[in-house]
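Given next are the chains, with one letter for each unit.
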Amino acid sequence: MNIQLWRVVIALCCIVSVAGCDASEPLASAPAEVRYSVVREEKLTLSSTLPGRVSALVMAEVRPQVDGIIVERLFEEGADVAKGQVLYRIDPAVHKAAYAMAKASLAEAQANVAAVALLETRQRLLISQHAVSSQELDNTISQHGQATARVAKAQAELEAAAINLAYTEIKAPVAGRIGASSVTVGALVTANQPSALAVIQQTDRVYVDIAQSSTDTIRLRRAMAQGRMAHEGSATKVRLTLEDGSPYTAMTRTKADGEQEWIQGDLLFSEISVGQSTGSILLRAVFSNPDRLLLPGMYVKATIEEGVVGNAVLIPQGAAFANNAGGHSAYVLRRDAAGDGVFRVERRDIRLERASGNRWVVGSGLNAGDILVVEGFQKATPGELVKGTPAQRVPAEAVARAPERKD
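Residues numbered from 1 in each chain as written. Predicted model: local features only at pLDDT ≥ 70, side-chain atom pairs only at ≥ 80, totals over all residues. Heavy atoms only, no water.

1. Quick look at the overall build of the protein chain
Tallying secondary structure elements over the protein chain gives five helices and 21 strands in all. Counting only residues that meet the buried cut, the protein chain has 33% of its 407 residues in that class. Across the protein chain, the fraction of contacts at a sequence separation of at least 24, relative to all contacts at a separation of at least 6, is 76%. Approximately 24,400 Å² of the protein chain is accessible, and the part contributed by carbon and sulfur atoms is 53%. (Helix = DSSP H or I, 4+ residues; strand = E, 2+ residues; numbered from the N terminus. Buried < 20%, exposed > 50% of the residue type's maximum accessible area, 1.4 Å probe, protein only. Contact = heavy atoms within 4.5 Å. Areas by Shrake-Rupley, 256 points an atom, 1.4 Å probe, with all protein chains shown as cover.)

Take a look at the structure:
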């Protein structure tokens, strides 16, 4: 019985020792698998989305130009008014009296100048007969000139009184849509008061004031000067996104496929100075507003077409990673002699210019035809072999032309 037990123990020890020997032998590791994409150049229209604020194309504040009591309001709040339309009437009684007084003063001055003119004519006849002295004639001539000046003064006072009487009818200085009235019938108003009676705004076309950082402006100008970016067309186009996130489109116009048509605006000018507190430059665009959807003071997002890059290199955002130098790097593959689908990994430092959707625009470091690792680069090590499969359909000849690693 003891002999059989010993035989079992010895057999178990042999099995354990054999297993331990097998575990100690190194296993050959298979190459890591990654997915790649061939880098290509493409035409890219660059755009920026910036905050903007809507303002009226024309805005006029209605104020009284004479003192008086409002006796009548002649417009509906929120309605369209025409230029020259009467909006308010001020009690004209005082100004009518002033006009009548000025008219009477003019008649008195005209009568006085007629009398002095006859006296001057008579004295000129008598001076030859030595019936009057030269001094008397000189005094009469002076009186005639003063009477004529009083007539001119009376005429000016009459015109001023007529203007003030006309100002008792407060008229619209421009055509547009008028807002709420700040006064009611019976209110006392004064000439050139600080508060406006109402505000008229033209909103069939509106301005959109956009703020762009000065650094972006410098970058764009350098890119255009170096020929890396060009404009298409004479005017820069701008599109808007409203506060609710919807695009600014025409409500009544649709495309052939049934979609609503974007309303595009034109960029008019950019401010010549940088805001010291914001570090931004003001851009102004003009938009048509046929449906009166854009209201003054409304916040919008403006998308500006900055330019077109004819040979832009774009990569997925997940294919780039930060390096220790504070920049970015990516992994590229080189065809290796180990077999079909086997590549050698190489790390490449790249410069990213900006984001375009879910991709990066690469300024330098990658060229068309490079095989870029887009998935699984965490498992790749520079200099090691990997098994590569395309992330999307790529021409076989593009992979065949991939540069071979030279050690």
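2. Notes on the pairing of strand E19 (residues 359-364)
Bridge count for strand E15 (residues 299-316) against E19 is four bridges, and the pairing is antiparallel. Residue pairing for E19: Leu314 is matched across the bridge by Val361. Where strand E18 (residues 342-356) lies against E19, five bridges are found, and the strand directions are antiparallel. Looking at E19, one finds that Leu352 is bridged to Val362. Taken together, E18 and the strand that follows it, E19, pair antiparallel across an intervening segment of two residues, in which Gly357 is found at a positive phi of about 70°. (Pairing = 2+ DSSP bridges.)

3. Here's the deal with the nonpolar core
Ranked by internal contacts, the top residues of the largest apolar core, which has 20 residues, are Ile210, Leu240, Phe287, Leu294 and Val300. Elements represented by at least two residues in this core include exactly strand E2 (41-62), strand E9 (198-213), strand E10 (237-241), strand E14 (280-288) and E15. Counting residues per element, this core draws most heavily on E14, at four residues. Ignoring any residue separated from it by four or fewer positions in sequence, one finds Leu240 in contact with Val208, Pro247, Tyr248, Trp262, Phe287, Leu294, Val300, Lys301 and Ala302. Val66, Phe75, Tyr88 and Val174 belong to the second-largest nonpolar core, a separate cluster that totals 18 residues. (Core = buried A, V, L, I, M, F, W, Y, C linked by side-chain atoms within 4.5 Å.)

4. Describing the packing of aromatic side chains
Scanning all chains against the criterion turns up four aromatic pairs. Between Tyr248 and Phe287, the aromatic rings sit 6.3 Å apart at their centres with planes inclined by 70°, giving edge-to-face as the arrangement. Placement of the pair is Tyr248 in the loop between E10 and strand E11 (249-254) and Phe287 in strand E14, with a sequence separation of 39 residues. Above the plane of the ring of Phe75 lies Arg73, whose end atom (NZ or CZ) is 5.2 Å from the centre. Positioned above the aromatic ring of Trp262, the side-chain terminus of Arg239 is 4.5 Å from the ring centre. (Phe/Tyr/Trp six-rings, centres within 6.5 Å; stacked < 30°, edge-to-face > 60°. Lys NZ or Arg CZ within 6 Å of the ring centre and 35° of its normal.)

5. Some points on the sheet that holds strand E8 (residues 188-189)
Strands sit in the order E6-E5-E3-E8 across an open sheet of four strands; the sheet is antiparallel. With partners counted over all chains shown, the strands left at the sheet margins are strand E6 (169-171) and E8, one partner each. As defined by bridge partners, strand E3 (residues 68-73) adjoins E8 across two bridges and the pair is classed as antiparallel. Bridge pairing links Gly68 to Val189 in E8.

6. Here's the deal with the pattern of salt bridges
Between side chains of opposite charge, pairing is possible as soon as their charged atoms come close. Throughout the structure, instances matching the rule amount to 16 salt bridges. Among the ionic pairs, Arg35 bridges to Glu375, the shortest N-O distance being 3.7 Å. Here the residue Arg35 occupies a position in strand E1 (residues 32-38), and Glu375 occupies one in strand E20 (residues 371-375), the gap between them amounting to 340 residues. According to the relative accessible area criterion, Arg35 is partly exposed, its value standing at 37%. By relative accessible area, which is 43% here, Glu375 ends up partly exposed. It is possible to trace a salt-bridge network through shared partners that takes in Arg334, Glu346, Arg348 and Asp370. (Salt bridge = Lys/Arg side-chain N within 4 Å of Asp/Glu carboxyl O.)

7. Describing the confidence of the model for the protein chain
When the pLDDT values of the protein chain are averaged, the result is 82; 83% of them are 70 or greater. When mean pLDDT is compared element by element in the protein chain, strand E5 (residues 86-90) scores highest at 96, while helix H5 (residues 396-400) scores lowest at 46. Confidence over residues 18-27 falls short of pLDDT 50; this stretch has zero contacts with residues more than four positions distant or in other chains. The model gives residues 394-407 a pLDDT under 50, and that stretch makes 21 contacts with residues more than four places away or in other chains. (pLDDT = per-residue confidence, 0-100.)

8. Side note on unusual backbone geometry
Non-glycine residue Asn192 carries a positive phi angle of around 60°. Here Asn192 lies in the loop between E8 and E9. In the Ramachandran plot, Arg292 falls in the positive-phi region, its phi being about 55° despite a non-glycine side chain. Mapped onto the secondary structure, Arg292 falls in the loop between E14 and E15. Classification of Arg292 by relative accessible area gives partly exposed; the value is 28%.

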